[in-house]
Amino acid sequence: MHAPADASPDPATLASAQRWLSSPATQGGDGLLERLRAHGARELGQRTRPERLWIVVAAATLLALGGLAVGGLLAPLPALLALLPAAYACNRLASALSRCDADCLPPLVRRYRQATVLLGLAWGSLVATLILTAPQAALAELGLIATLALVVGAFAVLAIERTLWLGFSLAVWAPILAATAFGMPWASADSGSLIALELLFAGWSTLQGLWLTREHVRAHLARWRLEEAIQTLEARDHELLSVRSRRDSLEMHSRQLTHFDQLTQLGSRLHLQERLEDEVARYRERLRPFALLTLDIKGFRDINGSLGPSAGDDLLRAVARRITETQRSGDFAARLRNDEFAVLMRDVSDAEAVRIADRFHQAIEVPVRVGNRLICPHLAIGIAICPTDSLDTAGLLAAAEHAMQVAQRLPRYGSIRYAPGMSVAAARRLTVEQELLTALSDEQFVLHFQPQVDADGTRIIGVEALVRWHHPERGQIPPLDFIPVAESTGLIDALGEWVLDAACRQAVAWREAGLAFGTMAVNISPLQLRDPRFVDKVDSALRRSGLQAEELELEITESAVQTQGDTSITLARLRARGVRIALDDFGTGYSSLASLRALQVDRIKIDRAFVGDMLQSARSSALLGTMAAMAHALDATVIAEGVEQVEQATALRALGCDSLQGYLFSRPVDAASLAELLRQGAQSAGGLPVPLQAGCELTP
Ligand code: C2E
Ligand code: MG
Ligand code: MG
């Protein structure tokens, strides 16, 4: 007889197959891997060859019939009764195996093995019964035949259906050995039936041996192929795993790059947008308001330009650290671009958002060491609230940024809550930005000039050049509306160069016309000072125009002096040529006395804010006196800006101001009108453009 080939090749192969089938790489949506997995399960199942079990049943039935002929009905009956259900169970299990998938395979294989042990035992018992009920004289030959049959079949069977054969041999050998040992009392001779039985048995054993040998080889081949396939699949599986893990780590890395700012490790703009979208969705569900703050470091470009990008990076990192330390837990901070940060704050009211913005000011605006310098960053903070200001991501970002731009123009402590008019202003700014680009080439800029007079108001001692933009449609645009835009677009260098050239040429023209203008004062943006070729540019403007260096005064704002490291070197080089330096808008930029002493300027221009309320405020008046005294102590002269009233002029003279400038004497006027003023001054007895004693008639 022959038992079906084992369902699994061997435990190691099965384990390997199982491992592969259940490995993570073969799980999940991959269609190809799913198909391979199902195929592997089917292949393992089909190798049980269920149809061959019927051969077992046929052989057992034949034996039983032989047993009937030889020893009567009753002796083999129990074994036969055990054999048939065991064979039936084996068959059912084998066909189930051929259909099952990888998940149900291990328990079925286990049950199948148990059934084959039973089958083997039943079958062996049947054979043993037949042998033992045969006449005793034939017992030795029967034992020999049975041994041969076992030997022929066993070597092949071992690898295929071990359990079945083991059960069989145990059942056959145990009683035969016992019977041989004690001798059989019932020996008789019925050689005909014995020989028939022997032949049947021997023939069947030989056939089975051949059959099993072939099966053994084939099974080995099949197993070898299966193992090879599994190994290949395992190798592919490892490749796939490593590709997947590489892909996962790449995905993680790219997420790190896109979602986090590499310099500060805060979130990126994209990350903030995602969080904003979530927050807006959350608001729609639960109506919980939230705030978006945008924070910008004032004057960062100057710091970056003068101290170098690595110092700029240090400052950004320091500010980012302070933001993280100050934000509430659960808030989200990101870096939007260059020196612009944002903080998303959940569940806050308007008042709370303003309070938190104040906290950011306090925590961040303390000196930080950048390289070998101490720098105090100042912030402009814009605040937008959802839902009041906008109900979508882009709207909120725009609102916070508009508010921040307004805050940037505040002199110092700036946080501004968004208001609807701000977007209009921002749109206007954008238009200005675009139009500025063509304004220079289309010669839309002109210079106006404002005279500066001595303390008695008797003589014009200088002229300040102030740029104007004659817009073809919108008329004259004041400098404060476009200079900041020119600075932010980088156009200030070209514009500043044009102003310097035009002012120098105009001054020389007046000189050549015999008009004494004193000094020509030109406003210089802090960004122009950053340009390493700035001194050369001044040199060539002087050379081209023929103006003497002593006739040129450069007005530099106090804040520029504070934030730019190399300014003092640039200014020293200019002064060495004879160019005069004036500190503009003095009193608004928080200069330290030490930095003023180091700077060495020729003139200090006291900001018009102090002059404006000096008659009402004793404090302003006292400050003016102090500033004048301080300037003199630093060997600089003092000019007061924004003088509009005779009383102011008189008081300023008393406080020690050396010269005055303001509408009282003249508004800024075009070159021809200024020439006229110079001419009048030269002709009048005292050279007085507007007689102080006679009150004033402002030039329109
Ligand atoms: P600034 O250098 O402080 O110029 C003085 C400003 O005060 C001028 O305004 C002038 O018209 C105004 N002003 C003069 N006297 C009086 C007065 O009695 N009362 C009042 N209320 N104002 C008076 P303007 O021309 O609008 O210029 C504003 C600022 O724009 C200037 O302030 C300067 O910082 C800047 N600016 C002007 N021209 C240039 C330029 O060519 N280059 C650069 N970088 N900045 C310039
Ligand atoms: Mg000025
Ligand atoms: Mg000024």
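Quick summary incoming for the structure in this document.

So, helix α12 (residues 350-364)
An α-helix turns once per 3.6 residues; consequently, residues spaced three or four apart project the same way.
Consideration 1: In a regular helix each residue adds 1.5 Å, so 15 residues correspond to 21 Å; α12 covers 21 Å between its end C-alpha atoms and thus fits that length.
Consideration 2: Those residues of α12 that sit buried are Ala353, Ile356, Ala357, Phe360, His361 and Ile364. Mapping the buried residues of α12 onto a view down its axis gives an arc of 155°, with all of them on the same face. Exposed residues lying more than 90 degrees from the buried face of α12 are Arg355 and Gln362.
Consideration 3: Along its buried surface, α12 packs onto β1 (290-297), α11 (309-326), β3 (340-346), β6 (379-386) and β7 (414-417).

As for the sheet that holds β6
Consideration 1: The strand order across the open sheet formed by five strands is β2-β3-β1-β6-β7, and the pairing between neighbours is mixed. Looking along the sheet, the strands with just one partner apiece sit at the ends: β2 (332-337) and β7. The mean inter-strand angle of the sheet, taken between neighbouring strand axes irrespective of direction, is 20°.
Consideration 2: Both β6 and β7 contribute to a ladder of four bridges, which runs parallel.

Quick look at the coordination of the magnesium ion (ligand 2)
Consideration 1: Donor atoms from the polypeptide that bind the magnesium ion (ligand 2) are Glu464 (OE), Asn523 (OD1), Glu555 (OE) and Asp584 (OD), placed at 2.0 to 2.2 Å.
Consideration 2: Within one chain, the residues serving as donors to the magnesium ion (ligand 2) are arranged as E-x58-N-x31-E-x28-D.
Consideration 3: Separation of the magnesium ion (ligand 2) from the magnesium ion (ligand 3) amounts to 4.0 Å, with Asp584 serving as a shared donor to the pair. You can see Glu464 sitting in strand β9 (residues 460-471) and its partner Asp584 sitting in strand β13 (residues 580-586), a full 120 residues away along the chain.
Consideration 4: For Asp584, a relative accessible area of 5% corresponds to the buried category.

Considering empty space enclosed by the protein
Consideration 1: As enumerated under the stated definition, the model contains four cavities of 30 Å³ or more in all.
Consideration 2: Space inside the second largest cavity adds up to approximately 60 Å³.
Consideration 3: In terms of lining, the second largest cavity is formed by Asp493, Gly496, Glu497, Leu500, Gln528, Asp531, Phe534 and Lys537.
Consideration 4: Looking at the lining of the second largest cavity, the elements with two or more residues in it are α16 (492-512) and α18 (534-545).
Consideration 5: Top contributing element to the lining of the second largest cavity by residue count: α16, with four residues.

Structural notes on the coordination of the magnesium ion (ligand 3)
Consideration 1: Taken together, the protein donors to the magnesium ion (ligand 3) comprise Asp584 (OD), Asp585 (OD), Glu641 (OE) and Glu641 (OE), at separations of 2.1 to 2.4 Å.
Consideration 2: Read from N- to C-terminus, the donor residues coordinating the magnesium ion (ligand 3) fall into the pattern D-D-x55-E.

Observations concerning the site of ligand 1
Consideration 1: Taken together, the neighbourhood of ligand 1 is formed by 22 residues, with Arg468, Asn523, Asp584, Arg608 and Glu644 sitting nearest.
Consideration 2: One of the side-chain nitrogen or oxygen atoms of Arg468 is found 2.8 Å away from an oxygen atom of ligand 1.
Consideration 3: Contact distances for ligand 1 include 2.8 Å between an oxygen atom and a side-chain N or O atom of Asn523.
Consideration 4: Broken down by secondary-structure element, the contributors of at least two residues to the shell around ligand 1 are β9, α15 (479-489) and β13.
Consideration 5: The element that contributes the greatest number of residues to the shell around ligand 1 is β9, accounting for four residues.
Consideration 6: Here the shell around ligand 1 is composed, by residue class, of nine nonpolar, five polar and eight charged.

A look at unusual backbone geometry
Consideration 1: With an omega of 15°, the peptide bond between Cys386 and Pro387 qualifies as cis.
Consideration 2: Tracing the backbone shows Pro387 in the loop between β6 and α13 (393-408).
Consideration 3: One non-glycine residue, Asp347, lies in positive phi territory at about 50°.
Consideration 4: Its location among the elements puts Asp347 in the loop between β3 and α12.
Consideration 5: A residue is classified by how much of its surface remains accessible, and Asp347, at 31% relative accessible area, is partly exposed.

Parameters at a glance
- Residues numbered from 1 in each chain as written.
- Chains lettered and ligands numbered in written order.
- Predicted model: local features only at pLDDT ≥ 70, side-chain atom pairs only at ≥ 80, totals over all residues.
- Heavy atoms only, no water.
- Helix = DSSP H or I, 4+ residues; strand = E, 2+ residues; numbered from the N terminus.
- Expected span 1.5 Å × (residues − 1).
- Buried < 20%, exposed > 50% of the residue type's maximum accessible area, 1.4 Å probe, protein only.
- Arc of directions from axis to C-beta.
- Contact = heavy atoms within 4.5 Å.
- Pairing = 2+ DSSP bridges.
- Axes fitted to C-alpha atoms, helices over the stretch in contact; angles between N-to-C directions.
- Donors = N, O, S within 2.8 Å, 3.2 Å for Na, K, Ca; no water.
- 1 Å grid on protein atoms, 1.4 Å probe; cavity = no way out; pocket = protein on both sides within 12 Å on 5 of 7 lines; lining within 4 Å.
- Points joined across faces, edges and corners; volume = space filled by probe spheres on them.
- Near = heavy atom within 4 Å.
- Polar contact = N/O pair within 3.5 Å; in protein donor to acceptor, adjacent residues only side chain to side chain.
- Nonpolar A, V, L, I, M, F, W, Y, C, P; charged D, E, K, R; others polar.

What is shown is where atoms sit, not what they do.
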